[in-house]
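An overview of the molecular structure
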Amino acid sequence: MNDSQTLLVPPAADGAPARIRRASLRFAGGPQDGRAVPIPGDAFTIGSGPGCDLRLEDGAVSRRHCRIAADAGLGYTIEDLGSTNGTFVDGVRVARACLAPGAELQLGGTRLSFSPLDGDRELERSGATSFGRVLGSSPAMRRVFWAAETYAPTEATIMLTGETGTGKEVMAREIHLHSPRRAGPFRVIDCAALSRELVESELFGHVKGAFTGAAADRAGAFEAAEGGTVFLDEVGDLPPDLQPKLLRVLENREVRRVGSNEVRKVDVRIVCATNKRLDEEVNAGRFREDLFYRLSVVSVEMPPLRRRPEDIPELVRAFARDLHGADAERELGDLAAALPALRRHPWPGNVRELRNLVDRAFYAPRRPVDLAACLAAGLRGAPAAAAGAEGGGAAFDPSLPFKEEKARLVDDFERRYFAEVLRRNGGNITRSAREAGIERAYLQRLVKKFGLNA
């Protein structure tokens, strides 16, 4: 058992909040030697930037250096946020690690000791197993549902984070539908899909003649969503020159159309999503720190499917009904027998990949529907005989959208490539990055993204 589990309190009854021992950080050495700082919430950020929960006056500490989080299954964990000089636990540089009582942290020139305190506190979670169309009875999802139930009825700006395919857009729609603005419009802007020249016009609108092709005045997403919600998907891809303009919308609720000097007031709520680590983007100078804090008033992480495998049976049944009718569940084979294979699969495409698997399996002639066989056929490349005929290469599924299947294949390649590089180098990040010819920080992000051993 990991030593950090000594900070866990025995599990509460189903539906009741989980509990965890209170903890603090104590300065070890320096002018603040012995000073204790309690960790009050589920997430606690440390860095030299003004918005951190613990701000360190240390030139070797990044603006957002690391985060300590309370986890109902692991106790407390610490995660490096792409810092320049790294996060060390008991002398070992880590990307993410569990914190045992007495662990010593080294951030730049600052040393901190992690210590449990008397008493415990709640880790809130919902008693529900769904939030609208978002399903899950796992502890990770019930934590998400608690946040959604708490903040959807408010006007708070919400940041949804998580990997591709975890259901961020579905959750954003449900937040809108569970808010007082449900009768208003819900406008989606994919910041990654729009050309750089069109992003500003799509967000803020334009006047006739503002640029070539602007034949008439046009309202942008914020004006079109008056009284409703604007969902900014992949907000981490917003060009740097547009970030101050988005900040103005957040601060003043006003927009200026491209080519106009007139300022227009707007009444909208903003929900955004990203699969990037914006903490790291802030440290790298690619994302404005003040905009980051404005967007993440409430931050909700959508967990990857591999961290919630107990939700797979429920999701399979729901997808079968949604995609192939109310009676489709009867056509499913022995789901219990298929579960070991489904649980072992890493699900790089997350819930979206599972949904596509269920859909594909029902179109196959075999009855009852065998999800494990369909999954294995996809992994062997059965749907992609043409690919093998072209001279080999990774198996692909032409039934999926191009962008989604490309991302899945790239993720699969990166995961397998760097797992092998790390294996050859005994898990050493520095040597592995040097061998692969990439930056160490980039490899650290991949290690965290894919859960690789380092």
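The following paragraphs examine the structure supplied in this document. (Residues numbered from 1 in each chain as written. Predicted model: local features only at pLDDT ≥ 70, side-chain atom pairs only at ≥ 80, totals over all residues. Heavy atoms only, no water.)

1. Observations regarding the sheet that holds strand S14 (residues 158–161)
Strand order across the open sheet formed by five strands is S15-S16-S19-S14-S20, with parallel pairing between neighbours. Either end of the sheet is taken by a strand with one partner, and the two such strands are strand S15 (186–190) and strand S20 (298–301). Along the sheet, successive strands turn relative to each other by an average axial angle of 20 degrees, direction set aside. Pairing between S15 and strand S16 (residues 229–233): five bridges, direction parallel. From the neighbouring strand, Asp190 faces S16, where its bridge partner is Asp233. (Pairing = 2+ DSSP bridges. Helix = DSSP H or I, 4+ residues; strand = E, 2+ residues; numbered from the N terminus. Axes fitted to C-alpha atoms, helices over the stretch in contact; angles between N-to-C directions.)

2. Quick word on the pairing of S14
With burial as the criterion, each face of S14 is covered, one bearing Ile158 and Leu160 and the other bearing Met159 and Thr161. The pairing of S14 with strand S19 (residues 269–274) spans four bridges and is parallel. Note on S19: the bridge partner recorded for Met159 is Cys272. Alignment of S14 against S20, held across four bridges, turns out to be parallel. Bridge pairing in S20 places Leu160 opposite Val300. (Buried < 20%, exposed > 50% of the residue type's maximum accessible area, 1.4 Å probe, protein only.)

3. Focus: the nonpolar core
The biggest cluster of nonpolar side chains holds 29 residues, and the ones touching the most others in it are Leu203, Phe222, Leu232, Val235, Leu246 and Leu295. For this core, the element with the most residues is helix H5 (residues 243–252), which contributes four residues. One finds Leu54, Val89, Leu112 and Phe114 within the second-largest nonpolar core, a separate group that totals 26 residues. (Core = buried A, V, L, I, M, F, W, Y, C linked by side-chain atoms within 4.5 Å.)

4. Digging into the sheet that holds strand S5 (residues 66–71)
Strand order in the open sheet made by the five strands is S4-S3-S5-S6-S9, with mixed pairing throughout. Of all strands in the sheet, those with a lone pairing partner are strand S4 (54–55) and strand S9 (96–98), marking the two edges. The pairing of S5 with strand S6 (residues 75–80) spans six bridges and is classified as antiparallel. Within the sheet, the bridge partner assigned to Ala70 lies in S6 and is Tyr76.

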